[in-house]
Amino acid sequence: MIKKSPEQSQAEDIYDALKEIVTFAHAGRRADARDSLIDLWPIISAGIVIDQDPGTVNIFSGVSLGFLRLKHQDVAREFAKKALIEAPSDLLAHAIAPVDDRIWLARQFIHHHQTQKAMDLLEVIQTTDADDESAFYIHLLRHYMSESENARALAPLDGRPTLLSLAVWGEAYIDKFLRTSLPSLLAPGNVPALAASDPVIFDIYTTEADRVRLAASPGIRALAEIARIDYAIVPAGLIDFKPTPTTADPDRFYYAGTSYVSAVKAKALGADLAVVGPEALYSDRYLSVSKAYLREGYKAVIMSPLRARNEDLATYLDAHDAVTSNAITLDAKHLLEYAIKHLNPLYQDMFIRSDSESIGQDVIAFYFKAATGFAGRSFQLCPALISHEIIPADLQFDGFTCDTRFLAECAQGKNPENIYKVIENPATELFVADLDSASDGTARVFGEFPVTVAQSVLSALKWCSRESDFSYFEWAIQKRFEFRCDPAILPYSDLAEAETVTSFLSLFKVSQAEHTNIIDSYRYA
């Protein structure tokens, strides 16, 4: 028999005590967990200067220290994060958890509508580590919280106004907006049609230098004759922040902030909301068709856009006599035709097949070849126009762009089928093509994501921050979008559409219990 050393025996005793503390804590026996931690404290804190005592330190923070004493660093990090979920200012947990873990956690707080906890966490990071990322998020939250409070104080407008929200800055994006997006919005069936009967407000989030350039452009001058333009200057400290391993998408957060403020503003003004993009090309009656559906009683008009390479567009528009002095007037049928012929490689790779491709972004959709073209299924449906009536009065910032879970947030407690108009056959009504080309350097890569049902479920779950989101995404993936074209020009796909959707729903359903625990950990902390 091998005799254990005193160190081995003590390590086993510490491990058993830590297990007991965790068991007590998970069972809701916090007093027992606290007593056990106090008993263990002299051993796990020996030789360490700690300003907190075992009677006030978070229980999971104490457990984290114990596992750190046992040299179980990964386990210690997980319990430190658990402690910070409960107590974002706990200094011991801050000392144990690396900055990257704490930044990740701050992002989760934001996504789960816990802005104050995110701020508490970030402010300690700033104090202890003077970290650039924490400064970015603090700046972002303070800026958009202030802007949203100003928006809430606005008085309603007469009639049924429309508010369009645009975030655009930088020479390349300003050029695309002025050359393509804005002229299509100036088509007679878009902004001019809405402005003929009710006010139109155009929120433009940009830099001061780009504001000057925009205001001087012929297109904006034409827009100003029929719509009110409200400029909002985005702080340079947000725009200039460079991506990091833990914040690979800073632009998504400040874009989310702009659409959030516009949503709050639209609610206050009694204005229906459209979030428009600088690289999008809109069909000629995109806004007027959407507005008509809202007047019928629908609370939002939603669709599934395509992304296209921006190639030979001028030639195509000329061939269809679509260009006038300030406007591009192209109907939905021909815009869809252009998008399909120039389908972005990212979307080509989402034609699902047994030998799946990997793409550089979340798998938000599947496409299936059909006899008359192809069909699309997606849990990420995009709003064309949202009624002010359904925007929550207490809307909170969640760091997600409006095409992720905003429609789920608006539909809480309601059946989406009864309130949302889905444009299932876009060629006959309205369409938008995103011209964010993979060939011009603007396509984003966030990693490798295999185009599989399992990966798509993971992407969907990532955006679920309320239990009510589950039923919305289940409803969304069952909506079928038809894109008619010659099948010969399409990528290969060999998986059956109905079976793929059933597989998604089944895996999504069985994953919900575990994800609900994650949601609850933030909601009830």
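Residues numbered from 1 in each chain as written. Predicted model: local features only at pLDDT ≥ 70, side-chain atom pairs only at ≥ 80, totals over all residues. Heavy atoms only, no water.

A. Structural context of the overall build of the protein chain. Secondary structure assignment for the protein chain yields 23 helices and 15 strands. Computed over its C-alpha atoms, the radius of gyration of the protein chain comes to 26 Å, within 12% of the 24 Å expected for a compact globule of 525 residues. Oriented by its inertia axes, the alpha-carbon framework of the protein chain measures out at about 90 × 50 × 40 Å. Accessible surface for the protein chain amounts to roughly 22100 Å². Of this, 52% is attributable to carbon and sulfur atoms. Counting 49 positive and 72 negative side-chain charges, the protein chain places the centres of these two groups 2 Å from one another. (Helix = DSSP H or I, 4+ residues; strand = E, 2+ residues; numbered from the N terminus. Rg over C-alpha atoms; globule rule 2.2 N^0.38 Å. Areas by Shrake-Rupley, 256 points an atom, 1.4 Å probe, with all protein chains shown as cover. Lys, Arg positive; Asp, Glu negative; His and termini not counted. Charge placed at Lys NZ, Arg CZ, Asp CG, Glu CD.)

B. Structural view of the side chain of Lys291. Inspection of the secondary structure puts Lys291 in helix H15 (residues 286–296). In this structure Lys291 comes out as buried when scored by relative accessible area, which is 4%. In contact with Lys291, other than residues within four places in its own chain, are Arg160, Pro161, Thr162, Leu194, Asp272 and Leu385. (Buried < 20%, exposed > 50% of the residue type's maximum accessible area, 1.4 Å probe, protein only. Contact = heavy atoms within 4.5 Å.)

C. The packing of helix H21 (residues 453–462) against helix H23 (residues 497–523), seen in detail. Between H21 and H23, the shortest axis-to-axis distance is 9 Å and the interhelical angle comes to 45°. By the criterion of interaxial angle, the relationship of H21 to H23 is oblique. Pair H21 / H23 crosses with right-handed handedness. Contact with H21, carried on its side by Val453, Ala454, Ser456, Val457, Ala460 and Leu461, involves Thr500, Ser503, Phe504, Leu507, Phe508, Ser511 and His515 of H23 and no other residues of that element. For the contact of H21 with H23, the residue count by class is 8 nonpolar, 5 polar and no charged. (Axes fitted to C-alpha atoms, helices over the stretch in contact; angles between N-to-C directions. Parallel < 35°, antiparallel > 145°, perpendicular 65-115°, else oblique. Left-handed = near helix turned anticlockwise from the far one by under 90°. Nonpolar A, V, L, I, M, F, W, Y, C, P; charged D, E, K, R; others polar.)

D. Expanded view of the pattern of salt bridges. Under the defined criterion, the tally for this structure stands at 35 salt bridges. A salt bridge links Asp434 to Arg307; its shortest N-O distance comes to 3.8 Å. On the criterion of sequence distance, the pair formed by Asp434 in strand E13 (residues 432–434) and Arg307 in strand E7 (residues 306–307) is long-range, its members being 127 residues apart. Given a relative accessible area of 11%, Arg307 falls into the buried group. (Salt bridge = Lys/Arg side-chain N within 4 Å of Asp/Glu carboxyl O.)

E. Structural context of the sheet that holds strand E9 (residues 365–370). Strand order across the open sheet formed by 3 strands is E9-E10-E15, with antiparallel pairing between neighbours. The open sheet terminates on both sides in strands that have one partner only, identified here as E9 and strand E15 (481–484). Shown here is a sheet whose adjacent strand axes are inclined to one another by a mean of 25°, direction ignored. By the bridge criterion, 4 bridges tie strand E10 (residues 373–378) to E15 in an arrangement that is antiparallel. For Phe374, the partnering residue across the bridge sits in E15 and is Phe483. The strands touched by H23 within the sheet are E9 and E10, with E9 carrying the most contacts at an inclination of about 165°. (Pairing = 2+ DSSP bridges.)

F. Up close: the state of the cysteines. Scanning all chains against the criterion turns up 0 disulfides. Its sulfur unpaired, Cys382 is 7.2 Å from the next cysteine sulfur, which belongs to Cys402. Its relative accessible area of 13% is what places Cys382 among the buried residues. Summary of cysteine pairing: Cys464 is not part of a disulfide, and the nearest cysteine sulfur, belonging to Cys410, is at 15 Å. (Disulfide = S-S within 2.5 Å.)

G. Layout of the nonpolar core. Counting residues in hydrophobic clusters, the biggest one holds 141 residues, and the most contacted among them are Leu306 and Tyr420. If one sorts the elements of this core by residue count, helix H14 (residues 250–269) sits on top with 9 residues. Once residues lying within four places of it in the same chain are set aside, the contact partners of Tyr420 are Tyr298, Lys299, Ala300, Ile302, Ile390, Leu407, Cys410, Ala411, Tyr472 and Trp475. With 36 residues, the next largest nonpolar core counts Ile220, Tyr286, Val289 and Ala384 among its residues. (Core = buried A, V, L, I, M, F, W, Y, C linked by side-chain atoms within 4.5 Å.)

H. Representation of the packing of aromatic side chains in the model. In this structure the tally under the stated criterion is 29 aromatic pairs. Taking 4.5 Å as the distance between ring centres and 15° as the angle between the ring planes, the aromatic pair formed by Phe136 and Phe241 counts as stacked. Taken together, the residues Phe136 in helix H8 (residues 132–152) and Phe241 in the loop between helix H13 (236–239) and H14 connect sequence positions 105 residues apart. Given the relative accessible area of 14%, Phe241 is considered buried. Consider the rings of Tyr316 and Tyr338, whose centres lie 5.3 Å apart with planes at 50°: the pair is tilted. Here Tyr316 is found in helix H16 (residues 313–319), whereas its partner Tyr338 is found in helix H17 (residues 332–341), with 22 residues between them in sequence. For the pair Tyr316 and Tyr338, one class covers both residues: buried. Directly above the aromatic system of Phe60 lies the positively charged group of Lys82, at a separation of 5.1 Å from the ring centroid. For the cation-ring pair, Arg211 lies above Tyr231, with the distance from its terminal atom to the ring centre recorded as 5.8 Å. (Phe/Tyr/Trp six-rings, centres within 6.5 Å; stacked < 30°, edge-to-face > 60°. Lys NZ or Arg CZ within 6 Å of the ring centre and 35° of its normal.)

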